[in-house]
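Observations on chain architecture
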Amino acid sequence: MNESVPTEPFRPADDVTHHVGYLLKRAQAALRGAMDKVLREHGLTVPQYATLELLALHPGMSNADLARATFVSRQSGNVVLRGLQDAGLLTRPATADHGRARPARLTEEGHTRLAAVQAAVYAVEERMVEAIPPQRVATLLTDLDRIAAALEDRPAEPA
């Protein structure tokens, strides 16, 4: 028998603490707090750590690209880059070859600091993911991407 179950249109829960947005923000705040705690022990902030991770994967990213990818303003991104450069963790040319972009690259010390902190950060993510049944993690990742895509007015990544 092929019966279809009627679906009702989405309505938020009566209690705001059960809304999807509230629960996403609660999870984000908990993640940020846990990351702040482990990163503080290594003298880094979340935006600094994210910048190091991104530059390790994509050397030469510009301030604008890094700011977008780390969810900070261009001005804040520039402050992050300057701080990492002053700490000897990355280098940027004094002037731009073309336009205004000054591509950043990790120094040897930057790679070393990143390697030292990755285990602690990855342990936070592992704690977070262990709260979810393993067979649901891939679906969660897809759903989170779909949520972001819907709010950014862009197509979701293919599953």
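Scroll up a little and you will see the structure.
Residue numbers run consecutively from 1 along every chain, following the written order of its sequence. Only residues with pLDDT of 70 or above have their local features reported here, since the model is predicted, and side-chain atom pairs are shown and tallied only from 80 upward, although totals for entire chains, interfaces and linings are computed over all residues. Excluding hydrogens and water, the side-chain figures rest on all heavy atoms present in the structure.

With respect to the overall build of the protein
When you go through the protein residue by residue, the secondary structure sums to six helices and two strands. Only DSSP runs of H or I with at least four residues qualify as helices, and only runs of E with at least two residues qualify as strands; both kinds are numbered from the N terminus onward. Counting from the amino terminus, helix and strand elements in the protein follow one another as α-α-α-α-β-β-α-α. Scaling as 2.2 N^0.38, a compact globule of 159 residues should have a C-alpha radius of gyration of about 15 Å, whereas the protein reaches 20 Å, well beyond that. In terms of overall dimensions, the protein has a C-alpha envelope of 70 × 35 × 30 Å along the principal axes. Partly exposed residues are those whose accessible area sits between 20% and 50% of the maximum for their type, while under 20% is buried and over 50% is exposed, using a 1.4 Å probe and protein chains only. The proportion of buried residues among the 159 residues of the protein is 25%. In the protein, the share of contacts with a sequence separation of at least 24, taken over all contacts with a separation of at least 6, comes to 42%. Neither His nor the chain ends is counted toward charge; the positive residues are Lys and Arg and the negative residues Asp and Glu. To locate a charge, take NZ of a lysine, CZ of an arginine, CG of an aspartate or CD of a glutamate. Here the protein holds 18 positive side-chain charges and 20 negative ones, and the gap between their average locations is 8 Å. A radius of gyration in this sense is built from C-alpha atoms; the matching globule rule multiplies 2.2 Å by the number of residues raised to 0.38. The contact definition used throughout considers only heavy atoms, calling two residues in contact when any of these lie within 4.5 Å.

A look at empty space enclosed by the protein
Definitions used for this entry: grid spacing 1 Å over protein atoms alone; cavity, a set of points where a 1.4 Å probe fits but cannot get out; pocket, an open set with protein on both sides within 12 Å along at least 5 of 7 lines; lining residue, one with an atom within 4 Å of a point. Grid points are joined across faces, edges and corners, and a volume is the space filled by probe spheres set on the points. According to the stated counting rule, one finds one cavity of 30 Å³ or more in the structure shown. The calculated volume of the largest cavity comes to roughly 50 Å³. Around the largest cavity sit Pro47, Thr51, Asn63, Leu66, Ala67, Thr70, Val72, Gly77, Val80 and Leu81, which together line it. Side-chain classes are defined by residue name, with Ala, Val, Leu, Ile, Met, Phe, Trp, Tyr, Cys and Pro counting as nonpolar, Asp, Glu, Lys and Arg as charged, and the others, Gly among them, as polar. Its residues assigned to classes, the lining of the largest cavity comprises six nonpolar, four polar and no charged.

So, the pattern of salt bridges
Think of a salt bridge as a Lys or Arg side-chain nitrogen and an Asp or Glu carboxyl oxygen that are within 4 Å of each other. Evaluation of the coordinates by the stated rule reveals five salt bridges. Salt-bridge contacts for Arg68 lead to Asp65; the nearest nitrogen and oxygen are separated by 2.5 Å. Residue Arg68 and its partner Asp65 are both found in helix α3 (residues 63–69); the two are separated by three residues, about one turn of the helix. Among the residues examined, Arg68 registers a relative accessible area of 52% and is labelled exposed. The partner of Glu152 in a salt bridge is Arg154, and the shortest N-O contact between them spans 2.5 Å. Linked by salt bridges that have partners in common, Asp145, Glu152 and Arg154 make up one network.

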